[in-house]
Amino acid sequence: MSEIPPTTRRVPTSRAVDGATVTVIMPAYNTEKYVGEAISSVLSQTRRDFILHVHDDGSTDGTLEAALSVSDDRCLVTSSTNQGVSAARNLAIGMARTPFIALMDSDDHSLPDRLEGQLNYLAEHPEVAVVGGRLTLFGDAAESDTWWQPSLTGNESWTELLWRTACGAGACAGRIDAFRAVPFDPTLRLAEDYDWECRLATAGAAIDVTDQVVLRYRRHGLNHSIEQAGEVVRATAEIRRKYGKSMLRGPGTDRFVDWLVWASSDFGPAIRDLTI
């Protein structure tokens, strides 16, 4: 599926572009109610050397107008027909001119020190391609205040990816070369972040997850994780079966223990297809 070129609605100033180190990429689709808050959370970062790229993915409500109503020299706003979040992310990554990328969804809030913490971590760990962090939950459908996420360094991500995503893509930041080498799969509408992280890992990219709380994740009825929970589970299982064998051969994994975790989580087909 080819990606349709975007229409540019607003451009940042040349001064902002020249001084930017990281591009925050925020795809938006029918989030008129939330996108203003999401944008404000980025503009309130303690680290100021960024470009915020909001891409409206063919919204049918007032999302684009809400994004355009924000006046800031660091904002880039583009739009296209609806192609899905993966294509929208890839499009924005292709337009970025900074050495680092941070991802964020248009209904969440980045904590004020998110960019500072993640960029400092990447500077201190040049071997790491992508870093994620912990989340807190809020919103109408939130069942708790915190979303537990284990810290992962070195080879630990391989084991985590045997059964679930290491960190939601919207809480990740990393080096632009990694995002361009392993783009999101535009054919996937569900569990695309899990697929992306599995392909990053099998390509040899190091993914770490720190203790830093970087994001407030909004739970509401339009979240795929709520609205299409059964389909998300099935999509995740299919990705797990697709990459399971490669992940079991990764560095630092105890193949027998990890096989038990992986195989027991996804039933007969996974066990039948596995060859150790």
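Bear in mind the structure is a predicted one, so any value in this text is a computation, not a measurement.

1. Quick word on the confidence of the model for the chain
Next, step 1: Of the residues in the chain, 76% have a pLDDT of 70 or more, and the chain-wide mean is 84.
Next, step 2: This stretch, residues 267–276, has a pLDDT under 50; its non-local contacts, to residues over four places away or in other chains, come to 14 contacts.

2. A closer look at unusual backbone geometry
Next, step 1: Positioned with a positive phi, N30 is a non-glycine residue whose angle comes to about 55 degrees.
Next, step 2: Unusually for a residue other than glycine, A191 sits at a positive phi of about 55 degrees.
Next, step 3: By the element assignment, A191 lies in the loop between helix 7 (176–181) and helix 8 (192–202).
Next, step 4: Owing to a relative accessible area of 10%, A191 belongs among the buried residues under this scheme.

3. Re the environment of P6
Next, step 1: Here P6 is to be found in the segment before strand 1 (7–10).
Next, step 2: Counting along the chain gives 86 residues from P6 to A92, while the straight-line C-alpha distance between them is 9.2 Å.
Next, step 3: Beyond its immediate sequence surroundings of up to four residues, P6 is in contact with H55, T78, S79, S80, L91 and M95.

4. Notes on the side chain of Q45
Next, step 1: Take Q45: it is sitting in the loop between helix 2 (35–43) and strand 3 (50–57).
Next, step 2: Overall, the relative accessible area of 3% leaves Q45 in the buried class.
Next, step 3: Within the structure, the side chain of Q45 is placed 3.1 Å from the backbone oxygen of S41, a separation counted as a polar contact.
Next, step 4: Among the polar contacts made by the side chain of Q45, one reaches the main-chain amide nitrogen of L115 at a distance of 2.9 Å.
Next, step 5: Ignoring sequence-local partners within four residues, the contact set of Q45 consists of F50, S110, L111, P112, D113, R114 and L115.

5. A short note on the packing of aromatic side chains
Next, step 1: Under the counting rule described, the total for this entry stands at two aromatic pairs.
Next, step 2: Where F179 meets W196, the ring centres are 5.3 Å apart and the plane angle is 25 degrees; that geometry is what we call stacked. Here F179, found in helix 7, pairs with W196, found in helix 8; they are 17 residues apart in sequence, far enough to count as distant. As far as the burial class goes, F179 and W196 line up, both buried.
Next, step 3: Consider the rings of F184 and W196, whose centres lie 4.6 Å apart with planes at 20 degrees: the pair is stacked. Of this pair, F184 sits in the loop between helix 7 and helix 8 while W196 sits in helix 8; the two residues are 12 residues apart in sequence, bridging distant segments of the chain.
Next, step 4: The exposure class assigned to F184 is buried, which follows from its relative accessible area of 2%.
Next, step 5: Owing to a relative accessible area of 0%, W196 belongs among the buried residues under this scheme.
Next, step 6: Aromatic ring contacts, followed pair by pair, group F179, F184 and W196 into a single cluster.

Criteria and thresholds
- Residues numbered from 1 in each chain as written.
- Predicted model: local features only at pLDDT ≥ 70, side-chain atom pairs only at ≥ 80, totals over all residues.
- Heavy atoms only, no water.
- pLDDT = per-residue confidence, 0-100.
- Contact = heavy atoms within 4.5 Å.
- Helix = DSSP H or I, 4+ residues; strand = E, 2+ residues; numbered from the N terminus.
- Buried < 20%, exposed > 50% of the residue type's maximum accessible area, 1.4 Å probe, protein only.
- Polar contact = N/O pair within 3.5 Å; in protein donor to acceptor, adjacent residues only side chain to side chain.
- Phe/Tyr/Trp six-rings, centres within 6.5 Å; stacked < 30°, edge-to-face > 60°.

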